[in-house]
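Spelled out from the first residue to the last, the chains are:
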Amino acid sequence: MGVQTPRAASAFAELVTGEQAIRAEMASRIRARSIGGGAAAEVEVVHSALASATPNLPQNHSEGEESQPSSVRKPSDQQAAAADRMKSVLALRKSQVGKAAAAGQLRGLHSSKDSDDEEDEAEDADTAPGSGSATFDRLVNLLGDPTAASRQAALQQLCGLPLGGDQRKSLLRPLLLRFADPSERCRELAASIFEQWVEGADVADVSGSLPFLLPVLVERLGTEATAEPSEELRSALVSLTTKALFKVRALLRPYVAEIGSIVLGVCRDNYPPALRGACALMVLVGREVLPPMVKSMGGKAVQPYSARLIEAVLPHLHHRHSSVRVAVLEALEHVLLAGAGQSVETLVGWRMQNNVPIAEFYGKGEVRRNHLADLSRDSSVAVRSRFLRTLERWVRDMAGEDLYEQEVRLYPYLCNFLVDDAPQLCSQGLCVLISLGEAYLEAHEDEYRERVEYGHAEEVRRDEALNIQLPHPFAGRPPLGARVRVRNHFRALVHPIVAELSCWTAKERLQSASLLEVLLVFVEGHAAEFGHLVLPALAKAAANADAEPELVRRVCSCARVLAHYVDARSYLPLLLQMAVADPLNTLSQRTGCFTLLPPLLRGMYLVKGAAAEAPSTTPATHALAALSLLCSERGEAAACAQHTPLRNGARATLRELCALYREGRLPPLDGVEPVSEPPSGYGSTEKLESAARELYATPPAVRGSIDGSILVGLLLWHGSDPALSGLLEQQGAAAASAWGAVASSLAGDVMLLYRSAEEAPGGRPEGAAANAWPHLRHHYTRLRSALAARADQVGAPAAMELLDRAASDVGAAE
């Protein structure tokens, strides 16, 4: 390295002076903003300024080398340093030009390229995206323009701009001001831009916007007066709220009040999309916010909040759109478990009988409605399916103190799914009951451990003894847990069911009968203590068989299930007392009792296998008491009644006895004697009424022969046929035809006593009389004696005539 010469120092000073001149020139031109030729003209100006500012720089050429004195160092090092300095000046110039263009102070920056080198082109590319900054700022300023068209145009342009995250974030507060814009289109665009930001932003940014967003949404949606008149825009705001809150669902506890206000306000709406959004918010609150509060503060502290939300959404359980009803059920499922178990009473319209609000004395009481009953009859399968899942969740997850009170109000609707119109829901309902029963046994393991471990043999024996066709979807006896859990609530359920069996609407009567049938399958023999309630209600429902055949069929099925599980001593004496001719027993009541007698007899005598292998545990005295009701004077010979419905019931009872005898179900009468008092165990310690006592004490019509006693009843019934009235002394073709028709009908019934219904369906096959009369001839003497003892009864004389004709036909054949 040599010593710097004075000439080199002078050259470097001139270079610095030239750089300062360039900077001054650039600053003046940028301030003036008067460049019209674009970037190329600017570059030429800068280069000319550089050339004029450095005229005395040493030149590295041959002539200069010759003119330099030998004592001075060659200037090649100074020239290289000056060149490096010039490059830095040019780079600084490029940076200043780029910043000026980004601020919008240079026009036409992109019209041509400054192709100094590849690095300059890269710098130009880096500064190009920033060219929208001025446009963005201008559009943001236009959002406050007093003209609606300008605001709308600015919002539309903002929707199309590729904004960065920081730009969108700076745009949020101006957008929130536009939520209350007088122009509906501006409000819509503002909500759309904000929703786009929420979808792309991270959790921290969205949570930071909630202190500004939620008060605005409360103002627009959560007030009693509708602040947002557009239904579509209300739905869009609810959608925005849902997306924002779902993204920060773990940070919502400080905003519970604002969310509640929004939900309450939207629930005053009736627009389906808005309601579905409100239900989604309730699901979010009930799933993410309220359970931790219940755990830390207790259910009673959260109950007012949850109950208020439930009351607000309840009216929409009857919305005309099934999708809204499904969404409401999903919202109720989560919110009710957050300390609002008492709201079940509101759902079923329950109130204590001695608790009457003072407002009702002045005609201002609230209308109570059973929402759960309406849901169980909803026309939409999707709604009923959602209702089933909601009930299961409530019973499974409700707090213990609430479940203790409310389970009895929820379980009837779970059982009601067993008789749903949709077969798949019937199967799902049974699976739910079995699952809840297993959970019940696990929760009460100490109480049922011994029965579960040592009662297997008894369960198998009872399963094998089951010989009746259970309603769909039962394939057999329900498991122990399901039976026990339903049985716990039967005492509370039987009273309203019995009351609804007498309801004036046919639909409620049919539904109650169906529910009673499935409940009896679960309760089994424990229904004995309720026979005094169930039988009169069933008899009343069965009285009008012609008008409501489906109801009568369901009621008879209930009677058959009851008789199969319950000892006949618990209910049959009561039924006989109600069926006898008595001033206190109306004709319709007696008709209903005779309608119930055939299924009761079928249920009590239907045992597994043949009679020899598995004899009935039900004594023959009950069948004889039923025959006494039909044939004895104390029963006023119901078989001889002239009232058509009562006659139909009497004949159905006789034909059922014929079928049971043919199948070997009735026990033999060997050693059976009439009793003045049936064996103990009637479910009541009181003595039987005199009428029932006399029926049990009446000996059989034909001693030692139950089929002979049944034949007496058949003869009395056919002999009292109104078609034979006054024909005993008449002759002629008309009389002969009438006798022939009655005799053919009698032959068909007699054949049911000895052959199956397929072999002798009502006496229609030819030769039925020829096959039946020998049986009558076999018992002729005893039958004649029994009929003679009842000669004063209505049908006895004609019955004896029928018996004589049958005997004469057999004698003629012989």
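Residues numbered from 1 in each chain as written. Predicted model: local features only at pLDDT ≥ 70, side-chain atom pairs only at ≥ 80, totals over all residues. Heavy atoms only, no water.

Draft legend 1. Representation of the overall build of the chain within the structure. Secondary structure assignment for the chain yields 36 helices and zero strands. Within the span of the chain, comprising 814 residues, buried residues form 48% of the whole. The long-range share in the chain, meaning contacts at least 24 apart out of those at least 6 apart in sequence, stands at 71%. (Helix = DSSP H or I, 4+ residues; strand = E, 2+ residues; numbered from the N terminus. Buried < 20%, exposed > 50% of the residue type's maximum accessible area, 1.4 Å probe, protein only. Contact = heavy atoms within 4.5 Å.)

Draft legend 2. Geometry of the nonpolar core. If you look at the biggest cluster of nonpolar residues, it comprises 214 residues, and the most contacted ones within it are Phe179, Phe194 and Leu596. The dominant element in this core, judged by the number of residues it contributes, is helix H13 (residues 272–297), at twelve residues. Once residues lying within four places of it in the same chain are set aside, the contact partners of phenylalanine 179 are Arg187, Ala190, Ala191, Phe194, Leu213, Val216, Leu217, Arg220, Leu237 and Leu240. Tyr440, Tyr448, Leu480 and Val484 belong to the second-largest nonpolar core, a separate cluster that totals five residues. (Core = buried A, V, L, I, M, F, W, Y, C linked by side-chain atoms within 4.5 Å.)

Draft legend 3. Broad picture of the packing of helix H27 (residues 572–579) against helix H29 (residues 621–631). Interhelical geometry of H27 versus H29 gives an angle of 5° and a closest axis separation of 11 Å. As summarised for this structure, H27 and H29 are arranged roughly parallel, according to the angle between their axes. Here H27 contributes Leu572, Leu576 and Ala579 to the contact with H29, which in turn contributes His622, Ala625, Ala626 and Leu629. When its residues are assigned to classes, the contact of H27 with H29 shows six nonpolar, one polar and no charged. (Axes fitted to C-alpha atoms, helices over the stretch in contact; angles between N-to-C directions. Parallel < 35°, antiparallel > 145°, perpendicular 65-115°, else oblique. Nonpolar A, V, L, I, M, F, W, Y, C, P; charged D, E, K, R; others polar.)

Draft legend 4. Just the side chain of glutamate 345, in detail. Here glutamate 345 lies in helix H16 (residues 343–347). Filtering out sequence-adjacent residues up to four positions away, glutamate 345 remains in contact with Trp350, Glu405, Gln406 and Arg409.

Draft legend 5. Up close: helix H11 (residues 231–247). With 17 residues, H11 ought to run about 24 Å at 1.5 Å a step, and its terminal C-alpha atoms sit 25 Å apart, in line with that. Looking at the packing, one finds that the buried side of H11 touches helix H9 (184–200), helix H10 (203–221), helix H12 (256–267) and H13. (Expected span 1.5 Å × (residues − 1).)

Draft legend 6. Structural context of H13. With 26 residues, H13 extends 35 Å between its outermost C-alpha atoms, agreeing within 8% with the 38 Å of an ideal straight helix rising 1.5 Å per residue. In H13, a bend of some 45° at leucine 290 exceeds every other bend along the element, and proline 291, a proline, comes one to four places later. Downstream of H13 by one or two residues, glycine 298 has phi in the positive range, about 100°. (Bend = angle between axes of the 7 residues up to and from the residue.)

Draft legend 7. Quick peek at the packing of aromatic side chains. What the rule picks out here adds up to six aromatic pairs. Between phenylalanine 179 and phenylalanine 194 the ring centres are 6.0 Å apart and the planes differ by 65°, which places this aromatic pair in the edge-to-face class. You can see phenylalanine 179 sitting in the loop between helix H8 (165–178) and H9 and its partner phenylalanine 194 sitting in helix H9, a full 15 residues away along the chain. For the pair formed by phenylalanine 179 and phenylalanine 194, the shared burial category is buried. On the numbers, 5.5 Å between centres and 70° between planes, the contact of phenylalanine 474 with phenylalanine 522 is edge-to-face. With phenylalanine 474 in the loop between helix H22 (456–465) and helix H23 (480–501) and phenylalanine 522 in helix H24 (residues 506–523), this residue pair connects regions lying 48 residues apart in the sequence. Ring-pair connections join several aromatic residues into one group, and the members of that group are Phe179, Phe194 and Trp197. Above the ring of phenylalanine 212, the side-chain terminus of arginine 173 is found at 4.2 Å from the ring centroid. (Phe/Tyr/Trp six-rings, centres within 6.5 Å; stacked < 30°, edge-to-face > 60°. Lys NZ or Arg CZ within 6 Å of the ring centre and 35° of its normal.)

Draft legend 8. Region of the structure containing the confidence of the model for the chain. Here the chain averages 78 in pLDDT, while 75% of its residues score no lower than 70. Summarising per-element confidence for the chain, the mean pLDDT is lowest in helix H3 (residues 62–67) (40) and highest in helix H15 (residues 322–335) (96). Across residues 104–131 the pLDDT falls below 50, and counting only partners more than four positions away or on other chains, this stretch makes 31 contacts in the model. Within the model, pLDDT remains below 50 along residues 678–687, and this stretch shows 13 contacts once partners closer than five positions in the same chain are excluded. (pLDDT = per-residue confidence, 0-100.)

Draft legend 9. Layout of empty space enclosed by the protein. By the definition in use, this model includes four cavities of 30 Å³ or more. Here the second largest cavity defines a volume of roughly 80 Å³. Around the second largest cavity, the lining residues are Leu624, Leu627, Ser628, Cys631, Ser632, Thr698, Pro699, Pro700, Ala701, Ser709 and Arg790. Here the lining of the second largest cavity is built from residues that sort into six nonpolar, four polar and one charged. (1 Å grid on protein atoms, 1.4 Å probe; cavity = no way out; pocket = protein on both sides within 12 Å on 5 of 7 lines; lining within 4 Å. Points joined across faces, edges and corners; volume = space filled by probe spheres on them.)

Draft legend 10. A look at a nonpolar patch on the surface. A surface patch of nonpolar side chains, about 510 Å² in accessible area, is lined by Val356, Ile358, Phe361 and Tyr362. Relative to the elements of secondary structure, valine 356 occurs in the loop between H16 and helix H17 (371–376). Relative accessible area serves as the criterion here: at 38%, valine 356 is assigned to the partly exposed category. (Patch = residues over 30% accessible without salt bridge, like charges linked within 9 Å, V, L, I, M, F, W, Y side chains within 5 Å. Areas by Shrake-Rupley, 256 points an atom, 1.4 Å probe, with all protein chains shown as cover. Salt bridge = Lys/Arg side-chain N within 4 Å of Asp/Glu carboxyl O.)

Draft legend 11. Focus on the pattern of salt bridges. By the definition in use, this model includes 40 salt bridges. Of the charged contacts, one joins arginine 393 and glutamate 333 as a salt bridge, the two residues approaching to 3.1 Å between their closest N and O atoms. Of this pair, arginine 393 sits in helix H18 (residues 381–397) while glutamate 333 sits in helix H15, and the two are 60 residues apart along the sequence. A residue is classified by how much of its surface remains accessible, and glutamate 333, at 7% relative accessible area, is buried. Note that aspartate 567 and arginine 569 form a salt bridge whose closest N and O atoms lie 2.7 Å from each other. Overlapping salt bridges, with partners in common, bring together Glu459, Asp463, Arg477, Arg483 and Glu524 in one network.

Draft legend 12. The environment of alanine 639, seen in detail. Counting through the fold element by element, alanine 639 comes out in the loop between H29 and helix H30 (644–662). For the pair alanine 639 and serine 720, spaced 81 residues apart in the sequence, the C-alpha separation amounts to 7.9 Å. Beyond its immediate chain neighbours, meaning those up to four positions away, alanine 639 contacts Leu630, Arg647, Ala650, Gly713, Leu716, Trp717 and Ser720.

Draft legend 13. A look at the environment of leucine 418. Assignment of secondary structure puts leucine 418 in the loop between helix H19 (400–416) and helix H20 (423–443). Leave out the neighbours within four places in its chain, and leucine 418 touches Cys426, Gly429, Leu430, Leu433, His472, Pro473, Phe474, Val518 and Phe522.

Draft legend 14. Expanded view of unusual backbone geometry. The amide bond that connects histidine 472 to the next residue, proline 473, takes the cis arrangement and shows omega of 15°. Within the secondary structure layout, proline 473 lies in the loop between H22 and H23. Even without being glycine, glutamate 524 reaches a positive phi, approximately 55°. Note on placement: glutamate 524 falls in the loop between H24 and helix H25 (531–541). For glutamate 524, a relative accessible area of 5% gives the class buried.

Draft legend 15. Region of the structure containing the packing of helix H6 (residues 133–142) against helix H7 (residues 148–160). Two elements in contact, H6 and H7, have axes whose closest approach is 8 Å; the angle formed by their N-to-C orientations is 140°. One element, H6, and the other, H7, form an angle in the oblique class. The handedness of the crossing between H6 and H7 comes out as left-handed. Where H6 abuts H7, its residues Phe136, Arg138, Leu139 and Leu142 lie against Arg151, Ala154, Gln157 and Leu158. (Left-handed = near helix turned anticlockwise from the far one by under 90°.)

Draft legend 16. Spotlight on the state of the cysteines. Enumeration over the complete set of coordinates arrives at zero disulfides. Cysteine cysteine 558 remains unbridged, with the sulfur of cysteine 556 as its closest cysteine sulfur at 9.1 Å. (Disulfide = S-S within 2.5 Å.)

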